[in-house]
Amino acid sequence: MEKMNNNLEKAQSILKNVFGYDAFRPLQAECIDTVLQKRDALLIMPTGGGKSLCYQIPALMFNGLTVVVSPLIALMKDQVSQMKSLGLEAEVLNSSISFEEYDMNKLLIRSGQTKLLFMAPETLMKPDILEMLSSTGVDCLTIDEAHCISEWGHDFRPEYRRLKEIRERFPRAVCLAMTATATPRVREDIVANLDLTKARQFVASFNRTNLFYEIIPKSQPLLQTLDFLKRFRNQSGIIYCFSRRQVDELTDDLNSHGFKALAYHAGLTDETRHRNQEAFIRDDAQIMVATIAFGMGINKPNVRFVVHYDLPKNLESYYQETGRAGRDGIPAHCLLLFGYGDIAKIRYFIDQKTDEQEQRVAQRHLEAMVHYAESGVCRRIPLITYFGESYTQPECGLCDNCLNPREQTFDMTLATKKFLACVSRTGQRFGATHLIDVLRGSQQQRVFQNGHQDLDVYGLGKEFTVKQWKFLVRQFLQKRLLDKEEEFGVLKLNSNSLEILNNKEMVQGYPPPVETTMSGGGTDRTTASRYSPERYDQGLFEVLRRKRKELADKKNVPPYVIFPDKSLIEMSAVLPQTKEELSKIFGVGAKKLETYGDVFVQLIKAYADQTREKAQR
Ligand code: ADP
Ligand code: ZN
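Just so you know, the residues in each chain are numbered from 1, in the order the chain's sequence is written. Naming scheme: in the order in which they are written, chains are lettered from A and ligands are numbered from 1. In keeping with the predicted nature of the model, local features appear solely for residues at pLDDT of at least 70, side-chain atom pairs appear and are counted solely at 80 or more, and the whole-chain, interface and lining totals rest on all residues. Values shown for side chains rest on all heavy atoms present in the structure; no hydrogens or waters enter the calculation.

K.L.:
Which residues make up the overall build of the protein, and what are the values?
P.N.:
Numbering of helices and strands runs from the N terminus; a helix is a DSSP stretch of H or I covering at least four residues, while a strand is a stretch of E covering at least two. A tally of helices and strands in the protein yields 28 helices and 17 strands. For a compact globule the rule gives 2.2 Å times the number of residues to the power 0.38, and the radius of gyration it is set against comes from C-alpha atoms. For the protein, whose C-alpha radius of gyration is 28 Å, the value lies close to the compact-globule estimate of 25 Å for 617 residues. Along the first, second and third principal axes, the C-alpha atoms of the protein reach 90 × 75 × 55 Å. For the protein, the share of sequence-separated contacts (at least 6 apart) that also reach a separation of at least 24 residues comes to 72%. Counting every atom, the protein has about 28800 Å² of accessible surface; 50% of that belongs to carbon and sulfur. Residue contacts follow a heavy-atom distance rule, with two residues in contact if any of their heavy atoms lie within 4.5 Å. The protein chains shown are the only cover counted for residues, whose accessible areas, like all others here, come from Shrake-Rupley with a 1.4 Å probe.

K.L.:
Describe the site of ligand 1, naming the residues involved and giving the relevant values.
P.N.:
As a matter of local geometry, ligand 1 sits amid 15 residues, with Y21, G48, K51, S52 and R327 nearest to it. Any pair of nitrogen or oxygen atoms within 3.5 Å is treated as a polar contact; in protein, a donor-acceptor pairing is required on top of that, and neighbouring residues in sequence qualify only through side-chain atoms on both sides. The side chain of Y21 places a nitrogen or oxygen atom 2.5 Å from an oxygen atom of ligand 1. Interatomic distance of 2.6 Å between a side-chain N/O atom of S52 and an oxygen atom of ligand 1. Expressed as a share of its isolated accessible area of 560 Å², the protein-covered part of ligand 1 is 86%. When residues are sorted by character, Ala, Val, Leu, Ile, Met, Phe, Trp, Tyr, Cys and Pro go into the nonpolar class, Asp, Glu, Lys and Arg into the charged class, and all the rest, Gly among them, into the polar class. Residue composition of the shell around ligand 1, by class: 6 nonpolar, 6 polar and 3 charged. Whether a residue is near a molecule or strand depends on its heavy atoms: it is near if one of them lies within 4 Å of it.

K.L.:
Explain the side chain of R273 to me, and be specific about the residues and the numbers.
P.N.:
Take R273: it is sitting in helix α12 (residues 270-281). Here R273 falls in the buried class, since its relative accessible area comes to 19%. Leave out the neighbours within four places in its chain, and R273 touches Y264, H265, A266 and L268. Exposure is judged per residue with a 1.4 Å probe applied to protein chains only, and the accessible area is read against the type maximum: over 50% gives exposed, under 20% gives buried, and values in between give partly exposed.

K.L.:
How would you explain the sheet that holds strand β13 (residues 332-338) if you had to name every residue and give the values?
P.N.:
Within a sheet, each strand pairs with its neighbour through backbone hydrogen bonds, oriented either parallel or antiparallel. Only strands joined by at least two bridges in the DSSP assignment are considered to pair. The 6 strands are arranged β8-β13-β12-β9-β11-β10 in an open sheet whose pairing can be described as parallel. Every interior strand has two partners, whereas the edge strands, β8 (211-217) and β10 (261-264), have only one. Each strand of the sheet is rotated relative to its neighbour by a mean of 15°, with strand direction disregarded. Axis definition: a line fitted to C-alpha atoms, limited for helices to the stretch in contact. Angles are taken between N-to-C directions and run from 0 to 180 degrees. The sheet contacts of helix α15 (residues 356-374) involve β8 and β13, and relative to β13 the element is tilted by about 110°.

K.L.:
I'd like a description of the coordination of the zinc ion (ligand 2), backed by residues and values.
P.N.:
For Na, K and Ca the donor cutoff is 3.2 Å, while for all other metals N, O and S atoms must lie within 2.8 Å; water is not among the atoms, so some sites may look incomplete. Within the protein, the atoms that donate to the zinc ion (ligand 2) are C378 (SG), C396 (SG), C399 (SG) and C402 (SG), at distances of 2.3 to 2.4 Å. Classification of the site at the zinc ion (ligand 2) rests on its 4 donor atoms, whose angles at the metal span 102 to 119°, yielding the label tetrahedral. Counting the intervening residues between successive donors of the zinc ion (ligand 2) yields the motif C-x17-C-x2-C-x2-C. Taken together, the positions of C378 in the loop between α15 and α16 (380-386) and C396 in the loop between α16 and α17 (400-403) put the pair 18 residues apart, joining distant regions of the chain. Residue C378 is classed as buried on the basis of its relative accessible area of 4%. On the basis of relative accessibility, which here comes to 21%, the residue C396 falls in the partly exposed class. Working rule for geometry: tetrahedral if four donors all subtend angles between 85 and 135 degrees; square planar for four, octahedral for six, if opposite donors exceed 155 degrees and the others stay between 65 and 115; irregular in every other situation.

K.L.:
Go over the sheet that holds strand β1 (residues 41-44) with me, naming the residues and quoting the values.
P.N.:
The strand order across the open sheet formed by 7 strands is β3-β4-β2-β5-β6-β1-β7, and the pairing between neighbours is parallel. Of all strands in the sheet, those bounded by a partner on one side alone are β3 (90-93) and β7 (200-203). Each strand of the sheet is rotated relative to its neighbour by a mean of 20°, with strand direction disregarded. As paired strands, strand β5 (residues 138-143) and strand β6 (residues 174-179) are joined by 4 bridges and run parallel to one another. Residue pairing across strands places T142 opposite L176, the latter belonging to β6.

K.L.:
Describe the nonpolar core, naming the residues involved and giving the relevant values.
P.N.:
Residues I57, F118 and L133 are the most contacted members of the largest nonpolar core, which totals 121 residues. Inspection of this core shows a minimum of three residues originating in each of domain 1 (2-203) and domain 2 (211-403). Setting aside residues up to four positions removed in sequence, L133 forms contacts with L65, V67, L117, M119, L124, V138 and F170. For this analysis, a nonpolar core means a set of buried residues of the types Ala, Val, Leu, Ile, Met, Phe, Trp, Tyr and Cys, connected via side-chain atoms within 4.5 Å. The domain boundaries here were taken from an automatic or database domain assignment.

K.L.:
Describe the domain arrangement of the protein, naming the residues involved and giving the relevant values.
P.N.:
Domain annotation for the protein reports domain 1 (2-203), domain 2 (211-403), domain 3 (410-509) and domain 4 (538-616). The centre of domain 2, based on its C-alpha atoms, is set 33 Å off from the matching centre of domain 3. In this assembly, 8 residues from domain 2 lie in contact with 6 residues from domain 3. The term buried area denotes the loss of accessible surface (1.4 Å probe radius) that occurs when two parts are joined, taken as the sum for both partners. Buried surface at the junction of domain 2 and domain 3, both sides included, amounts to about 620 Å², of which 48% is carbon and sulfur. Each salt bridge in this description consists of a side-chain nitrogen of Lys or Arg and a carboxyl oxygen of Asp or Glu lying within 4 Å of one another. At the boundary of domain 2 and domain 3, one finds 2 salt bridges.

K.L.:
Describe the pairing of β8, listing the residues and the values that go with them.
P.N.:
Where burial is concerned, most of β8 is hidden: 6 out of the 7 residues are buried. Judged from the 7 bridges that link them, β8 and β13 form a sheet pairing that is parallel. Bridging across to β13, L211 finds its partner in A332.

K.L.:
Hey, could you go over helix α14 (residues 340-352) for me, with residue numbers and the actual values?
P.N.:
Listing the buried residues of α14 in full gives Y340, D342, I343, I346 and I350. Looking down the long axis of α14, one finds its buried residues gathered within 145° of arc, a one-sided arrangement. Tucked into the core, α14 has its buried residues touching β13, α15 and α21 (466-478). Directions drawn from the helix axis to the C-beta atoms are what define this arc.

In structure tokens form, the structure reads like this:
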């Protein structure tokens, strides 16, 4: 075993005694150690990786204050409640609190009692705040959501640019910048703008090992969704839709089927959005149906599923949105309903863009997304490679393709030849849509205008539907059996095409999707149970969950502030019947043991006695 220094030993004991966790996650120990040595650090870790602990533990060990800068004002109060529930002295200063509270908090900070202070950057820049901080002494400046400093990120905040000045004002404070945005460009911007050239960089893996990825052909989305939801009774989840109208419709449909679902999109008033978000976070509503407007800064750890009702615009969005599932590390399921109609919808929006460069980029992103959805390899390979990491395992065992491998067993030589012949006979001047029309013997005007009804290839490919042909064409392009001109999508022959037309090559590929009315297929019911958490007493879990909700409502905090799901699951598996036993459960630190220990031990005992009696009768 590696020898630990004093700092780390202390950090380890805080991890166990305050947070109730047994071990550090990857990079946490290294990052905490660096911060404690007062060396600057940049931490890049996916959502749910455990970034917060990297400033929380040092904050408890420093004499002075730890300032946490974040743009997410709405989240700060919950973060503070969470800290307080662990017995940490944390406060917030922002526009969401009353004047009285604001002054009160300033007093607390001045007294030196506060260890952690959450602030928006604009608050931090205020002269009275700067003066207050100078007199109290700051040991650590944590910059959360550090990508906001970069114009290349998805959430640029000009105020973040001024944080460098703050660093100069507090030279004794170590700087810890953190983000879940992985692109190198953003990373460089953070380093340059915060003057972090000497900082140690910690980059965690972006593989979310507890997420199950599944993509099924979209046929009857509502029925498919209802079918999927059967597996998640009483469990929180998000359903992403393309448009506001779709969100409203689906919300109504789900409610009429007995689900408690709420809507979230930019067309709702601030107040409604806030109310709905709050209800979701507090487990008052099970499902959030939303556009992409929802999610930034959602800290809810127990989101058990994310459904993409429509195709996301690009892989980055898909990764970010699915990433909101399973922050607590417990298995969670990501389902994408993949319909070819959605491609056209997104294309339509891309076509509306006026900037050509932007249009091309969006086009390429969409193609990558479609390629991903159609791919037969482990879902993790393209996803993780996209973020510049390499995924070396051949399969993950936790995605649809690994569990039900699709193989390139379809002999598409004949289809390829027909298509290439059609390209050739029409003079290499057309895109896929027209070529498919010709092959399927369509009556489209454009076919007759060009006299293509007289070609020998006219009507030669009726065995496939338009969708199936499109699926095949995408494979032709992926295999580079054809070239595509960027601008109008004209398809042209290349040297590979000639090889095939000359009978030299056989072409194998994925079989085109069969068009059914009701899929239900693809979703293997056993996979869900196989990856559900270890066996535990569901009855007890319900009892504990209800108690947690009651306590949370009384304190006006989200339930996860009391205990995360994982703690309740462990309790329902182990049935601890003394406080001593309870203290060994995941997430039960000293403060929580003191506050909730008796209540939970009593509940568990009563439940155990009851089941024993039942068994004896
Ligand atoms: P991030 O900010 O990177 O998205 P969080 O800091 O919110 O992630 O952590 C995600 C979840 O993981 C939280 O519920 C947190 O308490 C938990 N967590 C963090 N570190 C550990 C650990 N070492 N062991 C167990 N759980 C942890
Ligand atoms: Zn896989």
